[in-house]
Amino acid sequence: MMLEKLGIPGLDEMFKGGLRRNCSVLVKGSPGTGKTILALQFIFEGARQGCPGVFITAEEELDNLRSYAHSLGMDIGAYEKKKMIYLIKQSVTLKKLISIATPLQLITSGKVKRVVLDSLTIFRYGTEDEKSYRKEILDLISNMKSVLFLATAEEKKDTLDFTDSDAEDYLFDGLIRMIKIRQGNNFERCIFVKKMRGQDHLTDIFPFTITNRGIAIHPKEIPFSLMGTNFKDEK
């Protein structure tokens, strides 16, 4: 099985070499866990490796996104000029879902290999019931079958013991959770792969850091906040 390296320090090791090009991955976490940073890094590192990408946002102004990425060592603008990264802002109003017409044109023309949607939660605003919501997500994933697709979504709770699943959790090939674990008056950011269909992966919980060069995962370390602690296996 051919795997594509993601380029994010530690993440390829968690997936034992990378991911299949045509798979879909959902990244979930509460506010401040680093979902958007991971998504930006996923697109940026792809461009550096020669894989053009699209980043779709409904929550951030594009100039703010460029500045944010630049502060993390990612010169998105330089790759936009080379047509290796396409940033797309999609406004969402009640009962009006985002349009993926532009990214679909880029995908069908073969111009992009990676696509990000930040965030999937916006689909909740445009669907009236769970059945419609699941259909919209399934249609979206189906349209992304020829690329490596990553979406982010808000998590209800920021805890290891939270085992409830949302509809979208079952629809994506892979599910990554990003959490903040409290120890005393401090928090530690951690990440783990909850599932990945058809591919072996590490199942441990690993700490990660956010610096001026983006996210770095430390798969050889045990989270300090979990040392000497028993926690439930959520699988």
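Computed from a predicted structure; not experimentally measured. (Residues numbered from 1 in each chain as written. Predicted model: local features only at pLDDT ≥ 70, side-chain atom pairs only at ≥ 80, totals over all residues. Heavy atoms only, no water.)

## Some thoughts on the packing of helix α2 (residues 35-48) against helix α3 (residues 62-71)
Each packed pair of helices is defined by two parameters, the angle between the axes and the distance between the axes. In the contact formed by α2 and α3, the axes pass within 11 Å of each other and the chain directions differ by 85 degrees. Accordingly, the angle class assigned to the pair α2 and α3 is roughly perpendicular. For the pair α2 and α3, the contacting residues are T36, I37 and L40 in the first and L65, Y68 and A69 in the second. Looking at the contact of α2 with α3 residue by residue, the class counts come to five nonpolar, one polar and no charged. (Axes fitted to C-alpha atoms, helices over the stretch in contact; angles between N-to-C directions. Helix = DSSP H or I, 4+ residues; strand = E, 2+ residues; numbered from the N terminus. Parallel < 35°, antiparallel > 145°, perpendicular 65-115°, else oblique. Contact = heavy atoms within 4.5 Å. Nonpolar A, V, L, I, M, F, W, Y, C, P; charged D, E, K, R; others polar.)

## Things to note about unusual backbone geometry
Residue S119 is bonded to the preceding D118 through a cis peptide linkage, with omega at 15 degrees. Looking at where S119 falls in the secondary structure, it is placed in the loop between β4 (114-118) and α6 (130-143). Not every positive phi belongs to a glycine, and K16 is a case in point at roughly 55 degrees. Assignment of secondary structure puts K16 in the loop between α1 (11-14) and β1 (24-29).

## Examining empty space enclosed by the protein
Under the counting rule described, the total for this entry stands at two cavities of 30 Å³ or more. Surrounding the second largest cavity, L6, L11, F15, L19, V25, F42, L150 and I176 form its lining. Of the residues assigned to the lining of the second largest cavity, the class counts are eight nonpolar, no polar and no charged. (1 Å grid on protein atoms, 1.4 Å probe; cavity = no way out; pocket = protein on both sides within 12 Å on 5 of 7 lines; lining within 4 Å. Points joined across faces, edges and corners; volume = space filled by probe spheres on them.)

## Observations regarding α3
Those residues of α3 that sit buried are L62, L65 and A69. All buried residues of α3 lie within an arc of 55 degrees about the axis, which places them on one face of the element. Those residues of α3 that are exposed and angled more than 90 degrees off the buried face are D63 and H70. The positive-phi residue at the C-terminal boundary of α3 is G73, with phi of around 85 degrees. (Buried < 20%, exposed > 50% of the residue type's maximum accessible area, 1.4 Å probe, protein only. Arc of directions from axis to C-beta.)

## Re the sheet that holds strand β2 (residues 53-57)
Spatially, the nine strands line up as an open sheet ordered β3-β2-β4-β5-β1-β6-β7-β8-β9, and their pairing is mixed. The sheet is open, and its two borders are formed by β3 (85-89) and β9 (214-217), each paired with just one other strand. In this sheet, neighbouring strand axes are inclined to one another by 25 degrees on average, regardless of whether the strands run parallel or antiparallel. Across ten bridges, the pairing between strand β6 (residues 174-183) and strand β7 (residues 186-196) is antiparallel. Along β7, the bridge assignment pairs I179 with C190. (Pairing = 2+ DSSP bridges.)

## Things to note about the pairing of strand β8 (residues 206-211)
As paired strands, β7 and β8 are joined by two bridges and run antiparallel to one another. The residue bridging C190 from the neighbouring strand is P207, located in β8. Pairing analysis gives four bridges linking β8 to β9, with the strands arranged antiparallel. Residue F208 lies in a different strand from β9, and its bridge partner there is I217.

## Regarding the packing of aromatic side chains
All told, the structure shown has two aromatic pairs when counted by the stated rule. Between the aromatic rings of F149 and F172, the centroid separation amounts to 6.0 Å while the plane-to-plane angle is 25 degrees, which identifies the pairing as stacked. You can see F149 sitting in strand β5 (residues 148-154) and its partner F172 sitting in the loop between α7 (167-171) and β6, a full 23 residues away along the chain. Grouping residues by exposure puts F149 and F172 together as buried. Positioned above the aromatic ring of F42, the side-chain terminus of R114 is 4.7 Å from the ring centre. Lying across the ring of F187, K180 places its NZ or CZ 6.0 Å from the centre. (Phe/Tyr/Trp six-rings, centres within 6.5 Å; stacked < 30°, edge-to-face > 60°. Lys NZ or Arg CZ within 6 Å of the ring centre and 35° of its normal.)

## Description of the nonpolar core
Within soluble globular proteins, side chains that are nonpolar tend to cluster in buried spots. By size, the foremost hydrophobic cluster in this structure holds 40 residues, and its most contacted members are L11 and I176. When residues of this core are assigned to their parent elements, the largest contribution, eight residues, is made by α2. When near neighbours in sequence (up to four residues on either side) are disregarded, L11 contacts L6, L38, I176 and I217. Counting 28 residues, the second largest nonpolar core, distinct from the first, contains I100, V112, F123 and F172. (Core = buried A, V, L, I, M, F, W, Y, C linked by side-chain atoms within 4.5 Å.)

## Some words on the layout of surface pockets
Within this model, the largest pocket holds a volume of roughly 250 Å³. Together, 16 residues line the largest pocket, and P31, G32, K35, T36 and D118 are the ones closest to its centre. Those elements that provide at least two residues to the lining of the largest pocket are α2 and β5. Of all the elements, α2 adds the most residues to the lining of the largest pocket, at three residues. When the residues that make up the lining of the largest pocket are grouped by side-chain class, the tally is four nonpolar, six polar and six charged. When its volume is computed, the second largest pocket comes out at roughly 210 Å³. Listed by contribution, the elements that provide at least two residues to the lining of the second largest pocket are α2 and β9. Ranked by the residues each element gives to the lining of the second largest pocket, the list is headed by α2, at four residues. Looking at the lining of the second largest pocket residue by residue, the class counts come to six nonpolar, five polar and three charged.

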